[in-house]
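Summary of the model geometry
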Amino acid sequence: MNREEIYNLQKKEIRSGKVLSVKTRKTALIALRNEIKAMEGEIFEALRKDLNKSDFEGFMTEVGMAYSEIGYMLKNLPRFAAKKKVKTDMSQFPSKSYVLPSPYGQVLIISPWNYPFQLTIVPLIDCIAAGNRAIVKPSEYAPYTAKVLQSLIEKVFPPEYVAVINGDAEETKALLDLKFDLIFFTGGTSTGKIIAAKAAETLTPTVLELGGKSPCIVCSDANIPLTAKRIVFGKFLNAGQTCVAPDYILADRSIKNKLVEALKEQIVALYGENALENSDYPKIINEKHFTRLVKMIDEEKTVFGGDYDNETLKIQPTLLDNADFSDAAMQEEIFGPILPIIAVDGYAEIREAIANNPNPLALYWFGKDKKAADRAIQEIQFGGGCINDTVIHLTSHEMGFGGIGESGMGAYHGERGFAAFTHYKSIIDKSTKIDITLRYPPYSPKKLKTIRKYMK
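One structure accompanies this document, and this report is about it. Predicted model, so just to flag it, every value in this text is computed and none were measured.

Counting secondary structure elements, the protein chain contains 15 helices and 18 strands. Each principal axis of the C-alpha atoms in the protein chain carries an extent, and together these give about 80 × 55 × 40 Å. Within the protein chain, the fraction of its 456 residues that count as buried is 53%. Carbon and sulfur atoms make up 53% of the accessible area of the protein chain, which amounts to about 21200 Å² in all. Looking at the protein chain, you have 58 positive and 56 negative side-chain charges, and the mean spots of the two groups are 15 Å apart.

Printed below as a string of structure tokens:
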């Protein structure tokens, strides 16, 4: 079936008034989980071919997160989907009020290449839990995973429920020409702007999960060895191709040199003397991004790494010391294994530095002074983050994951994920036994005096 046929088939199902019950949604999620388990080997193989991810990293950052989201939804879906009674104003007596969670209808999910399985399946899980139909468009930059996703979805869902459509950018443009009830996009800020503009033409709501230059602040009182270990993990996971990876470090000048040495030690500890020879170290997704990243490596400022392999598309974890905002690596989101380090003196300089790239998707603060950390996370605009760690905030079901401003709009994961794909209908059920006439014309000073008592 082509895109128009699938689109029209799903639209017909929605217009028929057929509502997907909570039981049906749970059955679908269980079937999806079972098929993921059955196809784990194929999924890991595809991730290895697309990004050279190890099975461990593939499970920890992709498949395992899908299992976790499904489990959370199965446990909590009846509560999320239930009609919620709310208080009714005295002015509307006698009546009952409630909020009814309802699916948007037909959703378009456009997913990226950096975590091609997780960032397709987890939004889809939330979408299904909320009772929607969906068309999924995986990234063409991760073709092996896209193919596995199509096979997986076709085994679990009929096309009138969920369907995968693969293809290049022209296919994505063609899908955006169709009128959906919600568009969920994960990817770069520039593409997000295009999608938002296109969606605005038909007043289609969007959830945009974008990126940005996420700062990592290291204070003078930070535990340097542990800080370095956690930064290296968060930055070089998936060879830096992570939307919430630390993009650059703002280090207090007094400990900057000590931090650089600790970062070098931790890179060797985690990836070996030469990560290019590490069979589990991920590669850059394609030649286009590989070439872009290589141009960011300033040999004069490189204090660790800097080497790369044109054949395997691998780039060593690379540290750029004494970086500044005029460097190539500071002109855009890096999205690769290159880490600039900038020395700063005090909080005012930190604020000024972050203002060069406002509203990042994440912010990381390392230090023992909780008051200083609290001040920063309250005053600086960013999507989410961690104190004394990196990237782990996106694993929690109890908190939404999303950006602000240039780094996106809307959030998902857990209950926020259900909410992202849900419209909450506000309903008042008014009694017909009594009809208070106060609101009806003709009006009088006496009526106005009375109504003022109820509408203070």
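The structure having been displayed, the exposition proceeds.
Residue placement: Lys18 occurs in the loop between α1 (3–15) and α2 (22–38). Owing to a relative accessible area of 47%, Lys18 belongs among the partly exposed residues under this scheme. Setting aside residues up to four positions removed in sequence, Lys18 forms contacts with Glu13 and Arg133. A polar atom in the side chain of Lys18 sits 3.3 Å from the side chain of Glu13.

Between α2 and helix α4 (residues 55–81), the shortest axis-to-axis distance is 10 Å and the interhelical angle comes to 170 degrees. Taken together, the axes of α2 and α4 are roughly antiparallel relative to one another. Across the interface between the two elements, Val22, Arg25, Lys26, Leu29, Ile30, Leu32, Arg33, Ile36 and Lys37 of α2 pack against Val63, Ala66, Tyr67, Ile70, Met73, Leu74, Leu77, Pro78 and Ala81 of α4. Partitioning the contact of α2 with α4 into residue classes produces 14 nonpolar, no polar and four charged.

Moving on, we get to the sheet that holds strand β1 (residues 84–86). Reading across from one edge, β1-β2-β18 is the order of the three strands in this open sheet, with antiparallel pairing throughout. This sheet does not close on itself; its edge strands, each paired only once, are β1 and β18 (422–430). Taking each pair of neighbouring strands and ignoring which way they run, the sheet shows an average axis angle of 30 degrees. Alignment of β1 against strand β2 (residues 95–103), held across three bridges, turns out to be antiparallel. Bridging across to β2, Lys85 finds its partner in Tyr98.

Bringing the pairing of strand β8 (residues 215–218) into the picture now. In summary, the side chains of a regular strand alternate between the two faces of the sheet. In β8, alternate side chains face the same way, and those of Pro215 and Ile217 on one face and Cys216 and Val218 on the other are all buried. Note that the unit made of β8, helix α9 (residues 224–236) and strand β9 (residues 248–252) has a crossover that is right-handed. Across three bridges, the pairing between β8 and strand β15 (residues 362–366) is parallel. Directly across from Ile217, in β15, lies its bridge partner Trp365.

For Val162, the position within the fold is in strand β5 (residues 162–164). Using a relative accessible area of 2% as the deciding quantity, one classes Val162 as buried. Separated by 30 residues in sequence, Val162 and Asn132 place their C-alpha atoms 8.9 Å apart.

Another aspect to go through is unusual backbone geometry. For the peptide bond that leads from Pro441 to Pro442, omega is 0 degrees, which places it in the cis range. Residues other than glycine seldom take positive phi values, yet Asn52 does so here, at roughly 60 degrees. Here Asn52 lies in the loop between α3 (40–51) and α4. Not every positive phi belongs to a glycine, and Leu203 is a case in point at roughly 55 degrees.

Under the defined criterion, the tally for this structure stands at one cavity of 30 Å³ or more. By volume, the largest cavity is sized at about 40 Å³. As for the largest cavity, its lining consists of Gly212, Lys235, Gly240, Thr242, Cys243, Ala245, Pro246, Asp247, Glu333 and Phe335. Split into classes, the residues belonging to the lining of the largest cavity amount to four nonpolar, three polar and three charged.

This part is about the packing of aromatic side chains. Counted under the stated rule, the structure contains twelve aromatic pairs. Residues Tyr248 and Phe325 carry aromatic rings whose centres are separated by 6.0 Å and whose planes lie at 80 degrees to one another, so their mutual orientation is edge-to-face. Pair noted here: Tyr248 is in strand β9 and Phe325 is in the loop between β13 (318–320) and β14 (338–344), with a separation of 77 residues, a long-range link. An aromatic cluster is built from Phe184, Phe401, Tyr412 and Phe421, whose rings are joined through pairwise contacts. Sitting above the plane of the Tyr67 ring, Lys37 keeps its charged end 5.9 Å from the centroid. For the cation-ring pair, Lys83 lies above Tyr98, with the distance from its terminal atom to the ring centre recorded as 4.4 Å.

In the structure shown here, the tally under the stated rule is 23 salt bridges. The partner of Lys155 in a salt bridge is Glu35, with the nearest N and O atoms 4.0 Å apart. Residue Lys155 is found in helix α6 (residues 143–156), and its partner Glu35 is found in helix α2; the two are separated by 120 residues along the sequence. Ionic pairing is found between Lys256 and Asp321, a salt bridge with its closest N-O pair at 3.0 Å. In this pair, Lys256 sits in helix α10 (residues 256–271) while Asp321 sits in the loop between β13 and β14, placing the two residues 65 residues apart along the sequence. Take Lys256 and Asp321: they sit in the same class, and that class is buried. Connected via shared salt-bridge partners are Arg3, Glu4 and Glu171.

About the criteria used
- Residues numbered from 1 in each chain as written.
- Predicted model: local features only at pLDDT ≥ 70, side-chain atom pairs only at ≥ 80, totals over all residues.
- Heavy atoms only, no water.
- Helix = DSSP H or I, 4+ residues; strand = E, 2+ residues; numbered from the N terminus.
- Buried < 20%, exposed > 50% of the residue type's maximum accessible area, 1.4 Å probe, protein only.
- Areas by Shrake-Rupley, 256 points an atom, 1.4 Å probe, with all protein chains shown as cover.
- Lys, Arg positive; Asp, Glu negative; His and termini not counted.
- Charge placed at Lys NZ, Arg CZ, Asp CG, Glu CD.
- Contact = heavy atoms within 4.5 Å.
- Polar contact = N/O pair within 3.5 Å; in protein donor to acceptor, adjacent residues only side chain to side chain.
- Axes fitted to C-alpha atoms, helices over the stretch in contact; angles between N-to-C directions.
- Parallel < 35°, antiparallel > 145°, perpendicular 65-115°, else oblique.
- Nonpolar A, V, L, I, M, F, W, Y, C, P; charged D, E, K, R; others polar.
- Pairing = 2+ DSSP bridges.
- Right-handed = clockwise from strand over helix to strand, strands pointing away.
- 1 Å grid on protein atoms, 1.4 Å probe; cavity = no way out; pocket = protein on both sides within 12 Å on 5 of 7 lines; lining within 4 Å.
- Points joined across faces, edges and corners; volume = space filled by probe spheres on them.
- Phe/Tyr/Trp six-rings, centres within 6.5 Å; stacked < 30°, edge-to-face > 60°.
- Lys NZ or Arg CZ within 6 Å of the ring centre and 35° of its normal.
- Salt bridge = Lys/Arg side-chain N within 4 Å of Asp/Glu carboxyl O.

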